[in-house]
Protein chains: 2
Amino acid sequence: MITFLNNFEASAPNNVVQRAFLSLQEEMQSEKVGYYKLPRRSLEVLEDAKDIDTSRFSQIVVIGIGGSSLGIKAIDSILRPVNKAAKEILFFENSDPLTILSQIQKIRPAEAAFFIISKSGSTIETTSIFKTLLHHFALDLDVKDNHRVFAITDNNSDLSKFALHHKLKTFYIPHNVGGRFSVLSAVGVVVLHFAGYDVEAILRGAANFIERFFDKKEKHLLEKAYFFYKNSKSLSINVLFSYADSLENFNKWYVQLWGESLGKIDVNGEHVGLTPIGIIGATDQHSFLQLIIEGQRDKTLTFIAVENFQDDIAIADITLEYIEKTNFVNGKNFSELINAQCKAVMQSVEEFGINTDFIKLDIINEENIGILIIYFELLTSLVGSMLKIDTYNQNGVECGKKILYSNLSKKV
Amino acid sequence: MITFLNNFEASAPNNVVQRAFLSLQEEMQSEKVGYYKLPRRSLEVLEDAKDIDTSRFSQIVVIGIGGSSLGIKAIDSILRPVNKAAKEILFFENSDPLTILSQIQKIRPAEAAFFIISKSGSTIETTSIFKTLLHHFALDLDVKDNHRVFAITDNNSDLSKFALHHKLKTFYIPHNVGGRFSVLSAVGVVVLHFAGYDVEAILRGAANFIERFFDKKEKHLLEKAYFFYKNSKSLSINVLFSYADSLENFNKWYVQLWGESLGKIDVNGEHVGLTPIGIIGATDQHSFLQLIIEGQRDKTLTFIAVENFQDDIAIADITLEYIEKTNFVNGKNFSELINAQCKAVMQSVEEFGINTDFIKLDIINEENIGILIIYFELLTSLVGSMLKIDTYNQNGVECGKKILYSNLSKKV
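Residues numbered from 1 in each chain as written. Chains lettered and ligands numbered in written order. Predicted model: local features only at pLDDT ≥ 70, side-chain atom pairs only at ≥ 80, totals over all residues. Heavy atoms only, no water.

Per an unreviewed UniProt entry, chain A carries the name Glucose-6-phosphate isomerase and comes from Sulfurimonas xiamenensis. UniProt annotates chain A under Sequence similarities (unreviewed entry) with the comment "Belongs to the GPI family." Under the heading Pathway (unreviewed entry), UniProt records this for chain A: "Carbohydrate degradation; glycolysis; D-glyceraldehyde 3-phosphate and glycerone phosphate from D-glucose: step 2/4." (UniProt positions renumbered as here; feature names shortened; annotations may be inferred.)

Shown next as structure tokens:
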């Protein structure tokens, strides 16, 4: 269960909110935007994945970047500390040579399942790393290693044609699902199933929440979207303050989702959008909190906390001579300390007049992750609709790709 | 060697710049601010650390948070991939129970050196974790384990008194050096020396740069500070775009330094300051770049690139059927690809009229890290001086600490 609490003043229902709600409904019904239906549709993909004997693999190698890795990483990082039996997932994302060299050494090629994931099918980091791994491990795509290399991509993409050519088992990302909204498609579903996570429960959490949303039972989401939209000029930064180390990759997933979806030129040609920042509590109380409180007042704060960490350790009931003033936490569990820190900081920033909202997970489990994912996706779509932008494209990044091609091609 | 290149239009020398330069000079000479002299003074601390036989330790456990860990982590992360013999450093920072439980399992108590680091001496996360480790490993501070537990703190802090009580070897942080400026004090110097890094070279890099700065030979720094100050309202976000995975913790160190120093209420009672964001290239081209280009135009970009990664791997010269269009990178080294990506993105955002500057490390080594550290510290001091704020305090975070104490104490 997740509790959502908006601490800012909510506006009365209005036309903007109503229009945004209807536009999401229309996006879903018209199939213009596909992620709304993934929680149900991906059950089929999961069935397909279950036909594969995954017991042959003790390790999963994911070659993907951006939307093809961030979501998987986010869910894996959250669930792993409480699912110690999950199979190792090794991520190859960046074109950094030192990372690639060090990750390659961790691969046990005879026990590994390799996933190449790219929506477009020709992402330069992904294809370059894939080629290099093929070469390094002398993988034979047509006979010996054919059963251990999988592709996840759009139907009809270059990668899908390549995979078909080698008869590689391929899972498809629906055309109407963008990379940053794809974690509940084959991208996340297949890889996380291979790792041993309960993917049904993730999808169930998401499905239930999205149903409740379209049944108008999650009004807080509309209120939050409207608040963000209305204040998007003066409160242009949303800080996601997550009080659990395992949420760091979730923060990164959120940064991509929010930044790439909402950083846009609107219908009037104006640069709009909100800047996302992810930080971790309590650590970043010692790093970013001063700026939030005394710096420019351009930020809203979203706190995420976990009530029950499932495992815990008590602060030893020891007195350190001369440091007796820290004894007030003695004997308490660390989960109690970190949650009290979250509460204290939230209370403190509110006293300074900073707008916050609070997302409380009762426990870390698959169902809650599913809710969290779909919650942020719906929030993004709502704000995008209110801002009158195309939430689902990313035209801004094309220019750099062209320059890269032109710069590297001309060097002979 | 590091090359600094400001791609924005520099203003002519002016009074604001001159005053800021003089104020830093005065801070240094009056000893009001102590970090300027650390590159020379810490040589003594290093000599002191060298008297200890570190060969007894194969592992270093650091208990510290914020300024007591971020700098060490930053340097360790950058240097480790090219210093494979460095001893493992385990960090205990956050009050997250799952992280603490998992880190505890990695400790080999008989081979470990334990450092408790806290400037004030009573940081709640640090003391709580320290107590818990003492208890868990039944460490005997007075006899058996006395030689393996070290304190780094202010002279006369509660922690220093505790350490004296148990005759623990203690290294002192000068009173006039704030936590986020302390990485070149005992905090970084002793721990990194224990790990086996060439700390002299780090200090030498920093000392040379600071000397050149005060000799007015690093004018680009004054120009950049002035540009950031002058545009601090309209370009309120600085994005540090680092093109190497190993710079992620450096980004975090920078975020604390910049955010906590510059997020302030100025002499006129106004909330001022610049918001720092750290991202990693090429990965975050797939996450944050769209927002930079099409979103609100409130950002400057600082690119960091590494020319020579010291180790490298070539992109295999293989043609993937149907994906031939990626062949333009075949046979090139990954270092060439990532640096070409950096260049292409910089060129692309400039074409969109976004202001950038570029920091190029010829190689990853201790000397360059020393330069990088002191460069950002000086930049922070300059901008703070121009903004007419107290760069070195952090009053904003005190309120949350009081609420925490009051909330947890009253529960019986």
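A. Fine view of the overall build of chain A. When its secondary structure is counted, chain A shows 14 helices and twelve strands. Over its C-alpha atoms chain A spans a radius of gyration of 22 Å, differing by no more than 12% from the 22 Å that the globule rule assigns to 412 residues. The C-alpha extent of chain A, read off along each of the three principal axes, is 65 × 60 × 45 Å. Contacts spanning at least 24 positions in sequence make up 76% of the contacts within chain A whose residues lie at least 6 apart. Element-wise, carbon and sulfur atoms account for 50% of the exposed surface of chain A, whose accessible area totals about 14,500 Å². Separation between the mean location of the 42 positive side-chain charges and that of the 50 negative ones in chain A comes to 5 Å. (Helix = DSSP H or I, 4+ residues; strand = E, 2+ residues; numbered from the N terminus. Rg over C-alpha atoms; globule rule 2.2 N^0.38 Å. Contact = heavy atoms within 4.5 Å. Areas by Shrake-Rupley, 256 points an atom, 1.4 Å probe, with all protein chains shown as cover. Lys, Arg positive; Asp, Glu negative; His and termini not counted. Charge placed at Lys NZ, Arg CZ, Asp CG, Glu CD.)

B. Region of interest: the packing of helix H3 (residues 70-79) of chain A against helix H13 (residues 366-387) of chain A. All names here are of chain A. For the pair H3 and H13, the least separation of the axes is 11 Å and the interaxial angle reads 145 degrees. The handedness of the crossing between H3 and H13 comes out as right-handed. From H3, Ile75, Ile78 and Leu79 reach across to H13, where they touch Glu366, Ile369 and Ile373. Broken down by class, the residue content of the contact of H3 with H13 amounts to five nonpolar, no polar and one charged. (Axes fitted to C-alpha atoms, helices over the stretch in contact; angles between N-to-C directions. Left-handed = near helix turned anticlockwise from the far one by under 90°. Nonpolar A, V, L, I, M, F, W, Y, C, P; charged D, E, K, R; others polar.)

C. Spotlight on the relation of the copies chain B and chain A. Of the transformation superimposing chain B on chain A, the axial component is 0.0 Å and the angular component is 180 degrees, with the fit at an RMSD of 0.0 Å. On the angle and the small slide along the axis, the relation comes out as a two-fold axis. In terms of C-alpha distance to the rotation axis, chain B has Ile277 of chain B as its closest residue, with the C-alpha 3.7 Å off the axis. A share of 100% of interface residues in chain B that are also interface residues in chain A marks the association as one of identical surfaces. (Least-squares fit on C-alpha atoms with pLDDT ≥ 70 in both.)

D. Quick look at the domain arrangement of chain A. Residues and elements named next belong to chain A. Looking at chain A, the domain boundaries give domain 1 (2-26 + 202-392) and domain 2 (33-197). Here the C-alpha centroids of domain 1 and domain 2 sit 29 Å apart. Taken residue by residue, the interface counts 35 residues in domain 1 and 29 residues in domain 2. The tally of links from domain 1 across to domain 2 stands at two salt bridges. (Domains from an automatic or database assignment. Salt bridge = Lys/Arg side-chain N within 4 Å of Asp/Glu carboxyl O.)

E. Main features of the interface of chain B and chain A. In this complex, chain B contributes 121 residues to the contact, which on the side of chain A involves 121 residues. A combined buried area of about 10,200 Å² lies between chain B and chain A, and 65% of that area is made up of carbon and sulfur atoms. Of all residues in chain B, Lys131, His286 and Gln296 of chain B give up the largest surface area on contact with chain A, accounting jointly for 7% of the area buried on that side. Here chain B and chain A share four salt bridges between them. Counting every contact that joins chain B to chain A gives 54 residue pairs in polar contact (both at pLDDT 80 or more). Of all the elements, helix H12 (residues 334-351) of chain B adds the most residues to the side of chain B that touches chain A, at twelve residues. For the side of chain B that touches chain A, the class distribution of residues is 53 nonpolar, 43 polar and 25 charged. (Buried area = accessible area lost by both parts, 1.4 Å probe. Polar contact = N/O pair within 3.5 Å; in protein donor to acceptor, adjacent residues only side chain to side chain.)

F. Summary view of the pairing of strand S11 (residues 299-308) of chain A. Residues and elements named next belong to chain A. Across the ten residues of S11, eight count as buried, placing the element largely inside the fold. Two strands pair when backbone bridges link them, and strand S7 (residues 237-243) and S11 are joined in this way by seven bridges, in the parallel orientation. When the sheet's bridge partners are listed, Ser242 is paired in S11 with Ile304. Each parallel crossover has a hand, and for S11 linked through helix H12 (residues 334-351) to strand S12 (residues 356-363) it is right-handed. (Buried < 20%, exposed > 50% of the residue type's maximum accessible area, 1.4 Å probe, protein only. Pairing = 2+ DSSP bridges. Right-handed = clockwise from strand over helix to strand, strands pointing away.)

G. Local environment of the packing of aromatic side chains. Applying the stated criterion across every chain, the model contains 58 aromatic pairs over all chains. Here the aromatic rings of Tyr405 of chain A and Phe328 of chain B are separated by 4.7 Å at their centres, their planes lie at 75 degrees, and the arrangement is edge-to-face. With Tyr405 of chain A in helix H14 (residues 398-410) and Phe328 of chain B in the loop between strand S11 (299-308) and H12, the pair connects residues from two separate chains. Judged by its relative accessible area of 18%, Phe328 of chain B falls in the buried class. Sitting over the ring of Phe91 of chain B, Lys73 of chain B keeps its end group 5.7 Å from the ring centre. Across the ring face of Phe171 of chain B, the terminal group of Lys169 of chain B is positioned such that the distance to the ring centre comes to 5.1 Å. (Phe/Tyr/Trp six-rings, centres within 6.5 Å; stacked < 30°, edge-to-face > 60°. Lys NZ or Arg CZ within 6 Å of the ring centre and 35° of its normal.)

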